[in-house]
Amino acid sequence: MTKEEIDSYIINWYWDEKSRKFAYQLAEYLFAFLDDVKESGASERTYKKHKDNCWFIGSFICQYGYHDEFSPSVFEYPPYHDLQFERKVSNSKSAVSSYESTCNKLEKYGLKKGDLKYEK
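Computed from a prediction, not measured in an experiment: that's the story for all the values here. (Residues numbered from 1 in each chain as written. Predicted model: local features only at pLDDT ≥ 70, side-chain atom pairs only at ≥ 80, totals over all residues. Heavy atoms only, no water.)

Chemist: How do you make sense of the packing of aromatic side chains when you look at a structure like this?
Modeler: The geometry of an aromatic ring pair is captured by the separation of the ring centres together with the interplanar angle, meaning the angle of the planes. As enumerated under the stated definition, the model contains 16 aromatic pairs in all. Taken together, Y9, W13, F31, W55, F56, F60, Y64, F85 and Y99 form an aromatic cluster joined through their ring pairs. Sitting over the face of the ring of Y47, K38 holds its NZ or CZ atom 4.5 Å from the ring centroid. (Phe/Tyr/Trp six-rings, centres within 6.5 Å; stacked < 30°, edge-to-face > 60°. Lys NZ or Arg CZ within 6 Å of the ring centre and 35° of its normal.)

Structure (structure tokens):
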């Protein structure tokens, strides 16, 4: 992903330079996740669903997450802002299920990379 492609993807996620930096770093992580999805052999349709859901995840985390600096910990305890998804995007069972699936896969990706750790 080029800088310009990421900037285009996050254009509606931020409102000032500090929030832009957070959004950019969040998007970089999301695109690394999407690369992992693609490398795992997912179909183009599955990849596109995850990419669309990642856009909503990133947007909601930026708008409703109250984060000053990016950390993979934003992906702990999915689903992420599912009520906003249902209210603003779709409350259909299949759309919500797809969104939650992406959230869960993001958490598993973070755990696999060692970016997320839950205390026992």
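Read on, since the account is not over.
Chemist: I tried to follow the packing of helix α3 (residues 44–64) against helix α5 (residues 93–113) on my own but got confused; where do I start?
Modeler: For any two helices packed against each other, one specifies the inter-axial angle together with the distance between the axes. α5 packs onto α3 with a crossing angle of 80° between their chain directions and a minimal axis gap of 9 Å. The orientation of α3 relative to α5 falls into the category roughly perpendicular. When α3 is examined against α5, the residues K49, H50, N53, C54, F56, I57 and F60 are found in contact with a partner set consisting of S98, Y99, S101, T102, C103, K105 and L106. (Axes fitted to C-alpha atoms, helices over the stretch in contact; angles between N-to-C directions. Helix = DSSP H or I, 4+ residues; strand = E, 2+ residues; numbered from the N terminus. Parallel < 35°, antiparallel > 145°, perpendicular 65-115°, else oblique. Contact = heavy atoms within 4.5 Å.)

Chemist: I'm lost on the nonpolar core in this one. Help?
Modeler: Within soluble globular proteins, side chains that are nonpolar generally end up buried alongside one another. Counting 33 residues, the largest nonpolar core has I10, W13, L26, I57, F75 and L106 as the members making the most contacts within it. Contributing elements (two or more residues each) for this core: α1 (3–9), α2 (17–39), α3 and α5. Tallying contributions element by element places α2 first for this core, with eleven residues. For F75, the contacting residues outside a window of four places in its chain are L26, Y29, L30, I57, I61, F70, Y80, L106, E107, L116 and Y118. (Core = buried A, V, L, I, M, F, W, Y, C linked by side-chain atoms within 4.5 Å. Buried < 20%, exposed > 50% of the residue type's maximum accessible area, 1.4 Å probe, protein only.)

Chemist: Whenever I open this one, the environment of N12 confuses me. Can you help?
Modeler: Structurally, N12 is set in the loop between α1 and α2. Looking at N12, the relative accessible area reads 56%, which means it is exposed. Sequence-wise, N12 and S59 are 47 residues apart; in three dimensions their C-alpha atoms are separated by 7.5 Å.

Chemist: Got a minute to help me understand unusual backbone geometry in this structure?
Modeler: For residues besides glycine, phi is generally negative; the peptide bonds are generally trans as well. For the bond running from P78 to P79, omega is 0°, close enough to zero to count as cis. Look at Y66: it is not a glycine, yet its phi comes out positive at around 55°. Positionally, Y66 belongs in the loop between α3 and α4 (82–88). Despite not being glycine, H81 shows a phi value in the positive range, around 55°. Its place among the elements puts H81 in the loop between α3 and α4.

Chemist: Would you mind showing me how to read α5 here?
Modeler: Because each turn of an α-helix spans 3.6 residues, side chains separated by three or four positions in sequence point in the same direction. The terminal C-alpha atoms of α5 lie 30 Å apart, and with 21 residues this matches the ideal 30 Å at 1.5 Å per residue to within 8%. Listed as buried for α5 are A95, V96, S98, Y99, T102, C103, L106, E107, Y109 and G110. Buried residues in α5 make contact with α2, α3 and α4. Trailing α5 by a residue or two, G114 shows a phi angle of about 85°, which is positive. (Expected span 1.5 Å × (residues − 1).)

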